[in-house]
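These are the residues of each chain, in order.
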Amino acid sequence: MSVLIKNGHVIYGESFEVVKADVLIEGNRIVKVAKEINEPADTVIDAKGKVVSPGFINLHTHSPMGLFRGLADDLPLMDWLQNHIWPREAKLTREYTKAGAYLGALEMIKTGTTTFLDMYFFMDAVAEVVAESGLRGYLSYGMIDLGDPEKTEKEIKEALRTMEFIEKLNSERVHFVFGPHAPYTCSIALLKEVRKLANEHGKLITIHVSETMAEIGQITERYGKSPVVLLDEVGFLGNDVIIAHGVWLDSRDIQILARNGVTVAHNPASNMKLASGVMPLQRLLNAGVNVGLGTDGAASNNNLDMLDEMKLAALLHKVHNLDPTVADAKTVFRMATLNGAKALRLKAGVIKEGYLADIVIVDFNRPHLRPINNVISHLVYSASGNDVETTIVDGKILMLDREVLTLDEEKILDEAEKTIEKLA
Ligand SMILES: N[C@@H](CCSC[C@H]1O[C@@H](n2cnc3c(=O)[nH]cnc32)[C@H](O)[C@@H]1O)C(=O)O
Ligand SMILES: [Zn+2]
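Because the structure is a prediction, the values reported are computed rather than measured.

Asks: Which parts of the structure should I look at to understand the environment of Leu304?
Replies: Relative to the assigned elements, Leu304 resides in the loop between β13 (290-293) and α11 (306-321). Residue classification places Leu304 among the buried residues on the basis of 31 C-beta atoms within 10 Å. Sequence separation between Leu304 and Ala127 is 177 residues, and the spatial gap between their C-alpha atoms is 18 Å. Setting aside anything within four residues of it in sequence, one finds Leu304 in contact with Asn58, Thr61, Gly104, Glu107, Met108, Thr111, Thr113, Thr295 and Ala298.

Asks: Honestly, the nonpolar core in this entry has me stumped. Any pointers?
Replies: What tends to happen in soluble globular proteins is that the nonpolar side chains get buried as a cluster. One finds Val23, Val52, Ala105, Val126, Leu139, Met310 and Ile351 to be the most contacted residues of the largest nonpolar core, which totals 137 residues. The biggest single contributor to this core is helix α2 (residues 94-110), with 9 residues. Built from parts of two domains, this core gets at least three residues from each of domain 1 (2-54 + 349-404) and domain 2 (56-343). Ignoring sequence-local partners within four residues, the contact set of Val23 consists of Ile5, Val10, Ile30, Val33, Val52 and Ile351.

Asks: Whenever I open this one, helix α8 (residues 251-260) confuses me. Can you help?
Replies: For an α-helix, the turn length of 3.6 residues means that residues three or four places apart are oriented alike. Along α8, the positions that sit buried rather than exposed are Asp253, Ile254, Ile256 and Leu257. All buried residues of α8 project into a common sector of 160 degrees when viewed along the axis, lining one side. Considering only its buried residues, α8 is in contact with α7 (227-233), β12 (263-266) and α10 (281-286). The first or second residue beyond α8 is Gly261, which carries a positive phi of 65 degrees.

Asks: I tried to follow the site of ligand 1 on my own but got confused; where do I start?
Replies: Every one of the 19 residues lining ligand 1 counts as a neighbour, but Ile85, Gly142, Ile144, His208 and Gly297 are closest to it. Among the secondary structure elements, those contributing two or more residues to the shell around ligand 1 are α1 (77-89), β7 (113-120) and β8 (136-143). Examining the composition of the shell around ligand 1, we find that 4 residues originate from one element, α1, more than from any other. Here the shell around ligand 1 is composed, by residue class, of 9 nonpolar, 7 polar and 3 charged.

Asks: I'm lost on the pairing of strand β15 (residues 388-393) in this one. Help?
Replies: Residues in a regular strand project their side chains so that they alternate between the two faces of the sheet. With 6 of 6 residues buried, β15 is to be regarded as a mostly interior element. Sheet topology places strand β14 (residues 359-363) next to β15; 4 bridges connect them, and they run antiparallel. Across the sheet, Ile359 pairs through a bridge with Ile392, a residue of β15. Examined bridge by bridge, β15 and strand β16 (residues 396-400) share 3 bridges and lie antiparallel to one another. Bridging across to β16, Val393 finds its partner in Lys396. What sits between β15 and β16 in their antiparallel hairpin is a turn of 2 residues, with Asp394 showing a positive phi close to 55 degrees.

Asks: When you look at the domain arrangement of the protein in this model, what are you seeing that I'm missing?
Replies: Bring the parts together and some accessible area is lost; that lost area is often taken as the interface size. You can read the domains of the protein as domain 1 (2-54 + 349-404) and domain 2 (56-343). Here the C-alpha centroids of domain 1 and domain 2 sit 28 Å apart. At the interface, 23 residues of domain 1 touch 28 residues of domain 2. For the side of domain 1 that touches domain 2, the secondary-structure elements that each account for two or more residues are α14 (375-382), β15 and β16. The residue makeup of the side of domain 1 that touches domain 2, split by class, is 14 nonpolar, 5 polar and 4 charged.

Each value, and the rule that gives it
- Residues numbered from 1 in each chain as written.
- Chains lettered and ligands numbered in written order.
- Predicted model: local features only at pLDDT ≥ 70, side-chain atom pairs only at ≥ 80, totals over all residues.
- Helix = DSSP H or I, 4+ residues; strand = E, 2+ residues; numbered from the N terminus.
- Buried ≥ 20, exposed ≤ 12 C-beta atoms within 10 Å, placed from the backbone.
- Contact = placed C-beta atoms within 7 Å.
- Core = buried A, V, L, I, M, F, W, Y, C linked by C-beta atoms within 7 Å.
- Domains from an automatic or database assignment.
- Arc of directions from axis to C-beta.
- Near = placed C-beta within 6 Å.
- Nonpolar A, V, L, I, M, F, W, Y, C, P; charged D, E, K, R; others polar.
- Pairing = 2+ DSSP bridges.

Structure (structure tokens):
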């Protein structure tokens, strides 16, 4: 299979330089970027007046949570989780979760996300959806033991069962990740066991850390130290760890994250909506910490649109620092693409020969994207996910001219309605 994209404005290489060029994809790789490629290809796409961009990497989400969109808004995290989300999640079945995962996958394809890092229940079902949809998914079963040794064992078992299920799919696009939920919901024993298992099996780890002031209070009271110091002291941190949020970090925490090569997945919409706080983006980047971008679940966002997320990230840090020069468009764009790929150890996030063909085409033949004075600026500040016209993952076209080819859109929307009726 080969795809040739002609005449587009291509965002090329690690420096995201915009060039007018053609892009040739063979199999799952980008093989050539040049002016006037005239080799034959199975599919030729005319991208005149359009932008050819690396696909977006959502570094933190709970993809089935779209089911709960709009059901519990305007609340702080702990109240939202304990009194609204967890009671609803207790009724989830594999079938319901799968309906949510389909909805999430559909939304991601339609808004230009090509890869996502997920944490939820019934991740074997989510893995099936990822395999079918054509997306690239890094999937963790979210472990919560609340200090109960019986639960520790149960959660580890479920994680390992999920790992085995995913390995059996034997897909280059579907990966297992360990996902202890957070320091306030997981025991030290569970965290230590996860570190050991991740080393043994060579898997990444993702965890919510330092999201709210309430969490800092709880952990300080329980252990007499910050969540990051705690994780460091138990030997949990490493360059295979992606922490979600990292809002409440002091200078010492930031140094620890930098020293361990930890990645932070920044979720500006969720942090603003739950009023969790403002993460210290500038200080993290200055310390050399890799920072990616995520949407968090659609129940705290309330969508999975990475183009929206980029704009929110840029605006949040400008106003917070009273400095419009921080979180410039390119920095934020890099967070949403290359930095995510780095965290996942994926040769993607960039359009360049030899990289994975995870590409989106954005239609700039629209008034809000003209004139094409600055492509990256338009993507960050003017575009939204609905402007994405074509989504390609691993060399395969998942959406062409806004029509999703791998999933049944109507059925998925219908099932989502039916599922939430059953859950009510
Ligand atoms: N095995 C666990 C499942 C945890 S999945 C991951 C969890 O993270 C929750 N979640 C979603 N967004 C956030 C957030 O921003 N912070 C903390 N938890 C979140 C989500 O609702 C889900 O309960 C159990 O038995 O509860
Ligand atoms: Zn989350």
